[in-house]
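# Inside the fold
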Amino acid sequence: MKIRTIGVEEYLNVWEKKATWDIAQSTISSLTMGEILHLDERAGSTFYDQLDKEKMNYGWIEGSPDFKAEVAGLYRNVDPDCILQTNGCTGANLNALMSLIEPGDHVIAEFPTYQPLYDIPRALGAHVDYWHIREEAGWTPDIDELKHLVRKDTKLICINNASNPLGTVIPADMLREIVEIAASVGAYLLSDEVYLPLEDTESFESVADLYDKGVVTNSISKTYSVPAARIGWTVSNKDVADRIRTYRDYTMICGGVFNDALATYVLRNKDKVLDRNRAIILKNRAIVQEWIDAEPRASWVPPKGVSVSYLRFDIPVDDEDFCLKLLAEEGVLLVPGSRFELPKGARLGYCASEDTLRGGLQRLSRALRQFD
Ligand SMILES: Cc1ncc(COP(=O)(O)O)c(C=O)c1O
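None of the values given here were measured: they were computed from a predicted structure. (Residues numbered from 1 in each chain as written. Predicted model: local features only at pLDDT ≥ 70, side-chain atom pairs only at ≥ 80, totals over all residues.)

### Considerations on the overall build of the protein chain
Rules: Helix numbering and strand numbering both begin at the N terminus, where a helix is a DSSP run of H or I of at least 4 residues and a strand a DSSP run of E of at least 2. As a reference, a globule follows 2.2 Å times the number of residues to the power 0.38, and the radius of gyration itself is taken over C-alpha atoms. C-beta atoms are first placed from the backbone for all residues, and any pair lying within 7 Å is then listed as a contact.
Regarding its fold elements, the protein chain presents 13 helices and 14 strands. Radius of gyration (C-alpha) of the protein chain: 20 Å, near the 21 Å computed for a compact globule of 372 residues. Taken along the three principal axes of its C-alpha coordinates, the protein chain extends 60 × 55 × 40 Å. Taking the contacts inside the protein chain whose residues are at least 6 apart along the sequence as the reference set, 73% of them involve residues at least 24 apart.

Set out below in structure tokens:
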């Protein structure tokens, strides 16, 4: 199988540890183990007491019943048997797509967005058409374009809701229209929902609650601030879950006893994590908005309660050259927009600590002044 490198991962793998001012990351300020253990106000006793009794064997292969119950609680009506634990949302996407795609299939993928959602299907031999999202429309997709793209033999439509790196959310009524279009040709609809919008969260709809042929991928890496656990999940109908079961045995077997316990504990205490993270998002977004209002060479479509965003730059040079120089001279890390096939800008992960965000933006402005 031939597959391209993931632009954003390749960039971060090389450069992220060199940054002093890391304002590139998509996770909402990762929690320390100390912070995690204090979530239930018992200083970790519940977590470690349980672990002390656990044998460090393979554990529950598909995820423990407690884990599945916590995940099922995120949706209106999902059978725990149709929830499968994976190695992050990365593993969820890979296993789901391997289960769904065969060579020659027709796939429609939102573009630009998180690269695996269109490059894994392509590597598996699918013909992939892009459903373009455009800046003029506030980075919201156009449903008429999807109607034109869909074919009788379309096997799968892939969306990233909310979007990395654009920070946009597909409105619930449009999501229902997407479901109708998919259903009209019997296509699956894969929705990577790893970024839950923390603003207006009540009106967010999961594809898992809307469509029997919906396949949802998610994890505790971004919205829940614990990428270290490397735990994600898929939600699908029983038939797709059975196919994913086969691929899981080849790619992972299980998530691991410790990681399962950590993910279950974090999800059990999710309200506290989400309250913390909502406060970070709202505060930091206001800081960036204030900075943009005063910075003539940067603009954005403000992210809708999502931790990632795309900054458009007014600069006469290549965005990757600019970002590399910014890192070398100012210690500031951004992800060049070209890594998402969105040139002339960069992904800003604004949910860093306040000091890092303010320090990074101040130095970014200093670097932008060279073009005045
Ligand atoms: C849209 C999207 N899906 C999946 C992932 C991978 O998430 P995880 O760390 O849970 O594997 C990322 C990571 O950047 C992402 O942006």
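That covers the picture; the talk isn't over yet.
### Focus: the sheet that holds strand β10 (residues 298-300)
Spelled out, the test is: Two strands form a pair only when DSSP identifies at least two bridges running between them.
Here four strands make up an open sheet; going across it, the order is β10-β11-β14-β13 and the pairing antiparallel. The open sheet terminates on both sides in strands that have one partner only, identified here as β10 and β13 (335-336). Where strand β11 (residues 308-313) meets strand β14 (residues 345-349), five bridges bridge the pair, whose relative direction is antiparallel. From the neighbouring strand, Tyr-310 faces β14, where its bridge partner is Arg-347.

### Some details on helix α5 (residues 88-100)
Heads up, the condition is: A helix is expected to span 1.5 Å multiplied by its residue count minus one. Put plainly, a residue is buried at 20 or more neighbouring C-beta atoms within 10 Å of its own, exposed at 12 or fewer, and partly exposed in between, counting only other residues' C-beta atoms, which are placed from the backbone.
Between its first and last C-alpha, α5 extends 19 Å over 13 residues, near the 18 Å set by a 1.5 Å rise per residue. Residues Gly-88, Cys-89, Gly-91, Ala-92, Asn-93, Asn-95, Ala-96, Leu-97, Met-98, Ser-99 and Leu-100 constitute the buried set of α5.

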